[in-house]
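Given next are the chains, with one letter for each unit.
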Amino acid sequence: QPECKSHGEDFIEAVWRDAPTTSDSMRPIKFQVQVAVVESRDHEGPPVQDQEVDGHKALLTGLVPDVRYRIRVRGLFPDLHFQTWGCWSAPLEVATIRAVGLQMNDIGEDFALLNWTREAVAIEGAGPSQVQDFKYELVMANETTGEQALVHKELLETSYRVEQLQPGATYSFAVRACDEQESWGLWQKAYFQTLGPITVTAHEIGEEFVRLIWQRRDVGRCAGIPASANILVGEQFVHRYRVQVTTATAGGDDAEVVRDVEVDPCNTAYRLDGLAPDMLYNVRVRASTGAGAWGLWSDQVCFRTVKAFSVPLTNLLVGENYIKVDWEQQRQRPEGGVLLGDDTITSQQVRVRGLHVDTVKELTLAADARSVKIPGLQPATAYGLSIRKCTGNGEWGPWMAEIPLLTAAAIQINSAEIAEDYVVLEWFAPAPQNPEGYHMGTGVVTTYQLRVGGDDGYSDDVYLQEGASPHVVTGLRPDHVYEFAVRGHYNDDEWGPWSGVLHVLTLPRLQVRCELISEAFATFAWSRPASENKRFVRLQKESQDPEMQVERKLQRGASRPVYEVRITTRASPPDADVPGLYALHPANVEDAPDDEEVDDNNAHGGVAPDVVVRKRVENHSGEPTETLEGLHPNTIYTVSVRSGVKPGVWGMWSTWQEFITLGPILPCFDAIGEGYTSLRWERAPPPDGLAGHIARGTGEIYQSEIRVVDVAQPAKPGTVLEIASGLAHTITDLQPFRNYEIAVRCHHDGAAWGVWGGGHRVRTQTGIGITVEHVGEDFV
């Protein structure tokens, strides 16, 4: 019965013993060993080996690893006449050891993870087939370069990771095993090819993105490898891709990593967003295998993102309700070894977004547009301006960094002075609150348009140059409501919005009245009547309505503390014969006739009035009054008043008030003696035919005074006689044959003394002279 003493990958060592009952004379002199391949349990192939041995063991070599064999042995027995082969022994089934199986667990561009295994084959009824390998021997060569014994070492493990290989190169490696008896097995050889390198390119470059495409280079089959060779193809499944983008200087040196992302293996293209415009970048890609090992980085590709729009702040014009911007496209110059994007423009968009208000305006422009004006904005409001472009592939680029802008504040209009027939307007554009320091542009107002409208039908548009504020609007009517609005015209031919409407109520015309009229003076009082404009009252009520959406600006004239009082009389025509009127001479005044006085002269047929008295009065409280002197008795005058904020700037003259001064006191002498004179007096009556609107004094006499002056002694004060009542009196204690000047004045209207009237000179009679011609004893 044969037994397996040992077996290997290509050999089996069989031993056997003789039968116990066999005598020495009948022992076999030789043995025949036959080896056949077991094809199935019940069938075996033809013998593959047949050898004769002299001893009780046989070493069967040249076998095939991992194959079951049946081994039979028979002996050659000696005989007297001839030798005879005995019967075949029972078969011994033994399987050769499976050869070392070479595997490729992982492979990349510069590494390979080699593995080898041996699996024991257990066959029923067969001898032990397991083997305990002690060590392995590995030999590796580069078939592409011809470098032999790249690796040659003995290992205890069943795997080995070889690194620093060349991408796309073909390598061979062989492994054999050694057991504890220092028996080396067969060499097993295989070939493998490292993966080709990854090539990456920038397919599309924008302002803030790049679209990358990569692929693994096909290196083909290495020539010279036998067709029947065991070529191991590693698993080329990519577990992940890793894309890394770094900033670079003009020379291509890395600065810092700006993107480092892992991409799913199903992608061989990737878009990287969030880059900076006009920036130099380097990009590279590498892949990881199914085992998670990262391969080599691809060669770096240098690219520059497209330049974004640039808007110089000097090209910004910012008004109250609009923004005008000019920009230019800066083309990129070629750089050696640097990929540039397509900066072709097919369309453009401009966006204005409110920074603190919910407002967004977007305008789409043609490709060649380089200037735009965005109207419809709000004054004193912060906006962000941005531009983007559409490239040749139809994709919109990013919005450029917003430029924060602050529109100019709306023009505010106010009244600096309100008079009866004119209004002084002033306007200005206040500086808006700008704590963030937003850009305010370079918009400059060159022209203003002032619009005036009134409830009397007055309408006018006035165009004024810069610096025209304050401006005087004349030709208005007293106690009327006028509306004023102003807007600016900027230096880029754009009108700003209208300011808020200013409603102004002009002052009512002053009214003057005569309080006291004497022969040579008069006391006047004047006041401004309350407004009778119903529209202004209605506007006030509407402005107080809480549901009023538009705030109305209402202003009315304030107190004007400076007044000018003027008394005039008109020169009589040459053919006039008005009894009782004195011939007057113009008063000496410093002010020349103003425009209103000239107009008034023209309204009276061109006859210039004589200004008798002109006086300036200041009054800050109460009803002003003033007494004007220097008038002539029994004379018709006209008095008027005008007001102003300061001297020299006057409003409208008040309504004219005509009045006549009292007639003079006319004394009449009834008797003139040597030491006395008797006289009576009365007031001269006013002329006949006076109009009813002419004011006049009462002229009632309450008390009189008589002044007697000796003409011969002018330096000596005269004598004043007070007459409590009555209109006649006899003056005594005069000197005969003397010249006296006698005048009378009266205290009238219970208010003041009038002027001295008369001033007549009288001569007293001479006294009777007595001459003694003869004196006797009893007669003269």
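To start, this report covers the structure provided alongside it. Treat the numbers as computed from the prediction; the structure is a model and nothing was measured. (Residues numbered from 1 in each chain as written. Predicted model: local features only at pLDDT ≥ 70, side-chain atom pairs only at ≥ 80, totals over all residues. Heavy atoms only, no water.)

**Some remarks on the overall build of the chain**
Right, on to step 1. From N to C terminus, the chain includes two helices and 55 strands.
Right, on to step 2. Counting the 780 residues in the chain, one finds 43% classified as buried.
Right, on to step 3. Counting only contacts in the chain whose residues sit at least 6 apart along the sequence, the fraction spanning at least 24 positions is 65%.
Right, on to step 4. Element-wise, carbon and sulfur atoms account for 48% of the exposed surface of the chain, whose accessible area totals about 40,700 Å². (Helix = DSSP H or I, 4+ residues; strand = E, 2+ residues; numbered from the N terminus. Buried < 20%, exposed > 50% of the residue type's maximum accessible area, 1.4 Å probe, protein only. Contact = heavy atoms within 4.5 Å. Areas by Shrake-Rupley, 256 points an atom, 1.4 Å probe, with all protein chains shown as cover.)

**Looking at the nonpolar core**
Right, on to step 1. Core analysis: the largest hydrophobic core is formed by 24 residues, its most contacted members being Trp 116, Met 140, Phe 173 and Phe 192.
Right, on to step 2. Put simply, the parts of the chain that give this core at least two residues each are β9 (101-107), β10 (112-117), β11 (133-142), β12 (147-155), β13 (159-162), β14 (170-179) and β15 (188-193).
Right, on to step 3. When sequence neighbours within four positions are dropped, the list of residues in contact with Met 140 reads Leu 114, Gln 148, Ala 149, Leu 150, Val 151, Val 162, Leu 165, Tyr 171, Ser 172, Phe 173 and Phe 192. (Core = buried A, V, L, I, M, F, W, Y, C linked by side-chain atoms within 4.5 Å.)

**Digging into the sheet that holds strand β48 (residues 677-683)**
Right, on to step 1. Spatially, the three strands line up as an open sheet ordered β47-β48-β52, and their pairing is antiparallel. This sheet does not close on itself; its edge strands, each paired only once, are β47 (665-672) and β52 (728-731). In this sheet, adjacent strand axes meet at a mean angle of 25 degrees when their direction is disregarded.
Right, on to step 2. Bridging between β47 and β48 involves seven bridges; their strand directions are antiparallel. (Pairing = 2+ DSSP bridges. Axes fitted to C-alpha atoms, helices over the stretch in contact; angles between N-to-C directions.)

**Considering the sheet that holds strand β1 (residues 3-7)**
Right, on to step 1. As summarised here, the arrangement of the three strands in space is β1-β2-β5, forming an open sheet in which the pairing is antiparallel. Two strands close off the open sheet at either side, each with one partner strand: β1 and β5 (57-60). The mean angle between the axes of side-by-side strands here comes to 20 degrees, regardless of whether they run parallel or antiparallel.
Right, on to step 2. Sheet topology places β1 next to strand β2 (residues 12-15); four bridges connect them, and they run antiparallel. Following the sheet pairing, Glu 3 is matched in β2 by Val 15.

**Side note on the packing of aromatic side chains**
Right, on to step 1. A complete count under the given rule lists 13 aromatic pairs for this structure.
Right, on to step 2. Ring geometry for Tyr 322 and Tyr 490: centres 5.7 Å apart, planes at 70 degrees, overall edge-to-face. Of this pair, Tyr 322 sits in the loop between β24 (316-318) and β25 (323-326) while Tyr 490 sits in strand β37 (residues 481-490), and the two are 168 residues apart along the sequence. Pair check on accessibility: Tyr 322 and Tyr 490 agree, each one buried. (Phe/Tyr/Trp six-rings, centres within 6.5 Å; stacked < 30°, edge-to-face > 60°.)

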